[in-house]
Amino acid sequence: MRFIETWTSATLVATRDLTPGIREFLLRPDGFAAAPYPVGSHINVSVTIEGQPQTRSYSLVGEVDPQGYRIAVRRAPDSRGGSHYMWSLAPGARLTITLPASLVQLDWTRRQFCLIAGGIGITPIVGAAKALARRDAGVALHYAVRTRSDAAYLDVLERLLGDRLVVHAGDEGSRLDLGRVFAALPPETMALFCGPMRMLDAARRTWEASGRPLSDLRYETFGSSGLLPTEAFRVRLKGEGIEFVIPRDRSMLDVLNEAGHEVMSDCRRGECGVCALDVVDVDGEIDHRDVFFSDHQKQESRKICACVSRARGTITVDTLHRADAL
């Protein structure tokens, strides 16, 4: 696998509320020794949801920290249960986490960078801003939030970037206009984006429409975000007469694997496509929450990434796993 995970035990050392809806967690692995990690790094955390062990990914905030790993979690009523579990923890709690890994690659030879964050997507952007400012690169950060009070790490970023930080607060009438932002960028600017899926789709369309190569738009994702509300849906297996209900707090990948219908997977973030299944029929609508398939492929809905994507209604998939073939 490309994404090899090394799990270790850790202690929740401290928490602090950054905004009314965002809490920071300081995690210290056993035997921790501070070491640099790449920009855009994340860790996976083993969480318990309705008595079942599950995994959630969280971006690391900032750069190397001598105290441990910092993550920030938004309290989301419509989440699949991960944020509720994390917010229930108190300092001293024991957790199992992975070591940092990064799927984001920046071209450090570039001199111009545009950072874009939507809401809690600021978490990996903080470290990128610090790294680029330290290299004296030309960097601007556009930070989109509903209200200024929702903007986590705003004080840190204001001190770091000054007028190179632009806050787009919806309640102040300062909504982010991606077309205008991209049109004003110098040639060969590299952009780094992190935000909800709807915003990422808009960023990719606008970036391409501006005539810039899509390879110059890099992004960190959080695969739990989608275009439709998170709700239970049904999955039928082609030729097997079996139907499963996928609860709102579990993935199709986990449900199928737990039932013995082995679906290969790797990143579990909707980025690698290893867990993609053929879609045979859709009675409802698929909510593609991956960043692996193109817009055209998502419109066709012939495949679905089982790790993050969901649906409304009932879909029939082919797992290529047949009970009569065993």
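Since the model is a prediction, treat every value here as computed from it, not as a measurement.

**Looking at the overall build of the chain**
- When helices and strands are counted, the chain shows seven helices and 17 strands.
- Its C-alpha radius of gyration of 20 Å places the chain within 12% of the 20 Å reference for a compact globule of 326 residues.
- Dimensions along the principal axes, computed over C-alpha positions, put the chain at roughly 65 × 50 × 35 Å.
- The buried share of the chain, reckoned over its 326 residues, is 51%.

**Structural notes on the sheet that holds strand S16 (residues 303-305)**
- Here five strands make up an open sheet; going across it, the order is S14-S13-S17-S15-S16 and the pairing mixed. The open sheet has two edge strands with one neighbour each: strand S14 (242-246) and S16. With direction set aside, neighbouring strand axes in the sheet form an average angle of 40°.
- Sheet topology places strand S15 (residues 276-287) next to S16; three bridges connect them, and they run antiparallel. Directly across from Ala276, in S16, lies its bridge partner Cys305.

**With respect to the environment of Met264**
- Of note, Met264 is situated in the loop between helix H6 (252-258) and S15.
- Residue Met264 is classed as exposed on the basis of its relative accessible area of 64%.
- Separated by 11 residues in the primary sequence, Met264 and Leu253 have C-alpha atoms spaced 8.7 Å apart.
- For Met264, the residues in contact, after removing those within four places along its chain, are Leu253, Val274 and Cys275.

**Observations concerning the sheet that holds strand S10 (residues 165-169)**
- As summarised here, the arrangement of the five strands in space is S10-S9-S8-S11-S12, forming an open sheet in which the pairing is parallel. Here the strands that pair on one side only, and so sit at the sheet edges, are S10 and strand S12 (217-220). Each strand of the sheet is rotated relative to its neighbour by a mean of 15°, with strand direction disregarded.
- In the sheet, strand S8 (residues 112-118) pairs with strand S9 (residues 138-145) via seven bridges, with the strands oriented parallel. Its bridge partner being in S9, Cys114 is matched across the sheet by Ala140.
- Packing of helix H3 (residues 154-161) onto the sheet brings it into contact with S9 and S10, and relative to S10 it is tilted by some 145°.
- Strands in contact with helix H5 (residues 197-209) are S8, S9, strand S11 (190-194) and S12; relative to S12, the strand with the most contacts, it is inclined by about 175°.

**Digging into unusual backbone geometry**
- Of note, the phi angle at Tyr153 is positive, near 65°, even though the residue is not glycine.
- Within the fold, Tyr153 resides in the loop between S9 and H3.
- On the accessibility criterion, Tyr153 (8% relative accessible area) is buried.
- Positive phi, close to 55°, is recorded for Ser301, a residue that is not glycine.
- Its place among the elements puts Ser301 in the loop between helix H7 (295-300) and S16.
- Residue classification places Ser301 among the buried residues on the basis of a relative accessible area of 16%.

Cut-offs and rules
Residues numbered from 1 in each chain as written. Predicted model: local features only at pLDDT ≥ 70, side-chain atom pairs only at ≥ 80, totals over all residues. Heavy atoms only, no water. Helix = DSSP H or I, 4+ residues; strand = E, 2+ residues; numbered from the N terminus. Rg over C-alpha atoms; globule rule 2.2 N^0.38 Å. Buried < 20%, exposed > 50% of the residue type's maximum accessible area, 1.4 Å probe, protein only. Pairing = 2+ DSSP bridges. Axes fitted to C-alpha atoms, helices over the stretch in contact; angles between N-to-C directions. Contact = heavy atoms within 4.5 Å.

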